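Residue strings, one per chain:
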Amino acid sequence: SHAVAAEDGMLTSAEIASLDMSSARLVVLSACETGLGKLVDREGVLGLRRAFQVAGAQNLVMTLWPVEDEATREWISHFYAFYLKGRSAARSSREASLEILRSRRANGRSTLPFYWGAFVDAGGWR
């Protein structure tokens, strides 16, 4: 019999990098600060962006700072609406941010980058 290591419930950058994600056209990480690399004991600085790139994902959407739930829902909804129309992840990201700006401006709401600028895309690695 083989001993099975207990799963700790944590997915590390090194584990992601070891996956075969070559068929993944798009990975979206909407949690806070997913685009930032962090120094992890015994791993060094291997951010999620680099890990998904090494794993073969074609495009990655991530965040650069803590994001509000409602702002996230709104941005992601616009992003997918554009992406599902056949636009690239980069163009969908830009259009989603512009749509949020237009909408917030038209409704007299704050247009600070906090509400639309946290999301960035990276891709086209292949």
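Preceding this paragraph is the structure being described.
Criteria and cut-off values
Residues numbered from 1 in each chain as written. Predicted model: local features only at pLDDT ≥ 70, side-chain atom pairs only at ≥ 80, totals over all residues. Heavy atoms only, no water. Helix = DSSP H or I, 4+ residues; strand = E, 2+ residues; numbered from the N terminus. Buried < 20%, exposed > 50% of the residue type's maximum accessible area, 1.4 Å probe, protein only. Contact = heavy atoms within 4.5 Å. Areas by Shrake-Rupley, 256 points an atom, 1.4 Å probe, with all protein chains shown as cover. Pairing = 2+ DSSP bridges. Phe/Tyr/Trp six-rings, centres within 6.5 Å; stacked < 30°, edge-to-face > 60°. Core = buried A, V, L, I, M, F, W, Y, C linked by side-chain atoms within 4.5 Å. Axes fitted to C-alpha atoms, helices over the stretch in contact; angles between N-to-C directions. Parallel < 35°, antiparallel > 145°, perpendicular 65-115°, else oblique. Left-handed = near helix turned anticlockwise from the far one by under 90°. Nonpolar A, V, L, I, M, F, W, Y, C, P; charged D, E, K, R; others polar.

Asker: Which residues make up the overall build of the protein, and what values go with them?
Answerer: Assigned secondary structure in the protein consists of 4 helices and 5 strands. Burial statistics for the protein: of 126 residues in total, 33% are counted as buried. Considering only intrachain contacts with a sequence separation of at least 6, the fraction spanning at least 24 residues in the protein is 75%. Of the roughly 7900 Å² that the protein leaves accessible, carbon and sulfur atoms contribute 54%.

Asker: Give me the sheet that holds strand β5 (residues 119–123): which residues, what numbers.
Answerer: Read from one edge of the open sheet, 3 strands run β1-β4-β5, paired in mixed fashion. The outermost strands of the open sheet, each flanked by one partner alone, are β1 (27–28) and β5. Pairing between β1 and strand β4 (residues 59–63): 2 bridges, direction parallel. Bridge assignment links Val27 to a residue of β4, and that residue is Leu60.

Asker: Explain the packing of aromatic side chains to me, and be specific about the residues and the numbers.
Answerer: A full pass over the atoms with the stated rule returns 5 aromatic pairs. A ring pair is formed by Phe79 and Tyr80, whose centres lie 5.5 Å apart and whose planes are at 75°; its orientation type is edge-to-face. By relative accessible area, Tyr80 is classed as partly exposed at 32%. With a centroid separation of 5.0 Å and 90° between ring planes, the pair formed by Phe114 and Tyr115 is classed as edge-to-face. In this structure Phe114 comes out as partly exposed when scored by relative accessible area, which is 36%. Three or more aromatic residues link up through ring pairs in this structure, and these residues are Trp75, Phe79, Tyr80, Tyr83 and Phe119.

Asker: Tell me about the nonpolar core, and please be specific about residues and values.
Answerer: Formed by 13 residues in total, the largest nonpolar core has its most connected members in Met21, Ala24, Val27, Leu29, Phe52, Ala57 and Leu60. Listing elements by their share of this core, those giving two or more residues are α1 (13–17), α2 (48–55) and β4. Broken down by element, this core gets its largest block of residues, 3 residues, from α2.

Asker: Outline the packing of helix α3 (residues 69–83) against helix α4 (residues 89–106), supporting the account with residue identities and numerical values.
Answerer: Look at α3 against α4: their axes get within 8 Å of each other, and the N-to-C directions meet at 130°. Here α4 runs oblique to α3, going by the angle between their axes. The interaxial crossing formed by α3 with α4 has right-handed handedness. Taking contact as the criterion, the partners of Glu74, Trp75, His78, Phe79, Phe82 and Tyr83 in α3 are, on α4, Ala89, Ser92, Ser93, Glu95, Ala96, Ser97, Glu99, Ile100, Ser103 and Arg104. Here the contact of α3 with α4 is built from residues that sort into 7 nonpolar, 5 polar and 4 charged.

The values are spatial; any link to function lies outside them.
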